[in-house]
Amino acid sequence: MDTWILVTSGASFVLLFLLLLAVFRMVHAYDAPVWYIRMTGFCGVCCLGLWWVVVFLGWVHETPQIIAMGVIASLLLYGLLTILFLFGVFGVFEASITLHILTKIALSGKEGIHPNAILSSYNRNTIVKRRIDRFLWSGELLVVGGRYRLSKRLSYFMMRERFLNILRWMFPTL
Amino acid sequence: MSLILVTCVFFSVFILHVAVHGYLIARGILTIKSTAVYVIGFFVLWIFHTFGLLSLPLTSVVYYVLLVLVGVMFYLTPYLGGETPASMILGSFGKKRQQTFRDLMGLFTNTGLIWKRIEDLQMAGLIQKQGTHYSVTGKGKMAALLVLFYQKLFHRQLVG
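Worth saying up front: this structure is predicted, and the values here are computed from it rather than measured. (Residues numbered from 1 in each chain as written. Chains lettered and ligands numbered in written order. Predicted model: local features only at pLDDT ≥ 70, side-chain atom pairs only at ≥ 80, totals over all residues. Heavy atoms only, no water.)

Asker: I keep staring at the overall build of chain A and nothing clicks. Help me out?
Answerer: When you go through chain A residue by residue, the secondary structure sums to 7 helices and 2 strands. Reading the secondary structure of chain A in the N-to-C direction produces α-α-α-α-α-α-β-β-α. For chain A, whose C-alpha radius of gyration is 22 Å, the value lies well above the compact-globule estimate of 16 Å for 174 residues. Principal-axis analysis of the C-alpha atoms gives chain A an extent of 65 × 45 × 45 Å. The proportion of buried residues among the 174 residues of chain A is 41%. Of the roughly 9200 Å² of accessible surface on chain A, a fraction of 69% belongs to carbon and sulfur atoms. Here chain A carries 16 positive and 8 negative side-chain charges, and the mean point of each set is 13 Å from the other. (Helix = DSSP H or I, 4+ residues; strand = E, 2+ residues; numbered from the N terminus. Rg over C-alpha atoms; globule rule 2.2 N^0.38 Å. Buried < 20%, exposed > 50% of the residue type's maximum accessible area, 1.4 Å probe, protein only. Areas by Shrake-Rupley, 256 points an atom, 1.4 Å probe, with all protein chains shown as cover. Lys, Arg positive; Asp, Glu negative; His and termini not counted. Charge placed at Lys NZ, Arg CZ, Asp CG, Glu CD.)

Shown next as structure tokens:
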């Protein structure tokens, strides 16, 4: 039972990883978070399917209650893996300004790059515009008479900000 | 039963981490070493295992490790992520309901968005200044390669 929990949750996460490799090549860049959530749900269902196969083939000989607990444990592990990947890899690599600057400097080679050259192609104008475009695409912002306004009272970023406020309250800085 | 025990152990250690962090901050110390308290959880799990209380030992350890990784990641988020431009833009609509592009641009400066990050990268030893130009160090090159590998693998462009 112990091994099957690890196998099913691990296999579901590997499937998610492979699906993301394929899907991200086909969808619009701004749609990636939505597809991440969709694929996470799909692979969660696959995790249940794997358990059905394991039980159907008679590889697990336990009571239905213990098998149900095993399924819940699998989904818990799978859920934690997806959270780690979403916030630890996907979120950081997708939208980090610091990493963007670092790669620009790295691509300039051994001679390096003058800060003004970075600013000419990457500055507050481009950073703000990209975020507004992303919010317009996701429907979080609307344009009315040349002015932007919120279309949803509660968005992903609003929730994130509230969650961060709780974290800042728990782990204050100097 | 195993996972409920592990969850209880994790949240007990998490509360201890919050307390340790608060104690250190009150004394002017901010260190990632406070996350070492999570090691206590492994000892507690080992004791539970010794007394036969963990029916799923492998799953319990993996579950605890993942919970700790998530906990540490969220602990680091306020420092690494700070207040992002995206959340600042959306947060600004709480003060002013309708805004122009110029209003939103006014929330930021190149100093805060670009220069401060260049300084942070230099302080972290990822880039170095050579005269008027900046270039990556060996450590920075590795980090940049990791980003480029991610971009290549997932066929993504940085949208940051």
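Asker: Any chance you could explain the sheet that holds strand 2 (residues 147-150) of chain A here in plain terms?
Answerer: Read from one edge to the other, the open sheet built from 3 strands follows the order 1(A)-2(A)-1(B), with strand pairing classed as antiparallel. The sheet terminates laterally at strand 1 (141-144) of chain A together with strand 1 (98-99) of chain B, the two strands that pair on one side only. With 4 bridges joining them, strand 1 of chain A and strand 2 of chain A adopt antiparallel strand pairing. Across the sheet, residue Leu142(A) finds its bridge partner in strand 2 of chain A, namely Arg149(A). Seen against the sheet, helix 6 (residues 124-138) of chain A touches strand 1 and strand 2 of chain A and runs at an angle of roughly 95° to strand 1 of chain A. (Pairing = 2+ DSSP bridges. Contact = heavy atoms within 4.5 Å. Axes fitted to C-alpha atoms, helices over the stretch in contact; angles between N-to-C directions.)

Asker: Even after reading the chapter, I still don't get the domain arrangement of chain A, so can you show me in this structure?
Answerer: Where the parts come together, the accessible area they lose is often given as the size of the interface. Along its sequence, chain A is organised into domain 1 (2-90) and domain 2 (134-174). A straight line from the C-alpha centre of domain 1 of chain A to that of domain 2 of chain A covers 29 Å. (Domains from an automatic or database assignment.)

Asker: Just checking my understanding: could you explain the confidence of the model for chain B for this structure?
Answerer: Residues shown with low pLDDT carry predicted positions that ought not to be read at fine detail. Residues with a pLDDT of 70 or more make up 94% of chain B, whose mean pLDDT is 87. At the level of chain-chain contacts, confidence expressed as ipTM amounts to 0.78, with global pTM at 0.80. (pLDDT = per-residue confidence, 0-100.)

Asker: So what exactly am I meant to see when it comes to the nonpolar core here?
Answerer: For soluble globular proteins, the rule of thumb is that nonpolar side chains tend to be buried together. With 51 residues, the main nonpolar core has Leu16(A), Leu20(A), Ile101(A), Leu102(A), Ile105(A), Ile114(B) and Ile127(B) as its most contacted residues. Take this core: its biggest share by element is 6 residues, from helix 4 (residues 97-107) of chain A. Excluding anything up to four places from it in sequence, Leu20(A) contacts Tyr36(A), Met39(A), Phe85(A) and Phe154(B). In terms of nonpolar packing, the next biggest core, distinct from the first, is built from 38 residues, Met170(A), Leu3(B), Leu54(B) and Val68(B) among them. (Core = buried A, V, L, I, M, F, W, Y, C linked by side-chain atoms within 4.5 Å.)

Asker: In this structure, what is going on with the domain arrangement of chain B? I would like to understand it.
Answerer: Segmenting chain B into domains produces domain 1 (1-76) and domain 2 (81-160). Spacing between the C-alpha centres of domain 1 of chain B and domain 2 of chain B amounts to 32 Å.

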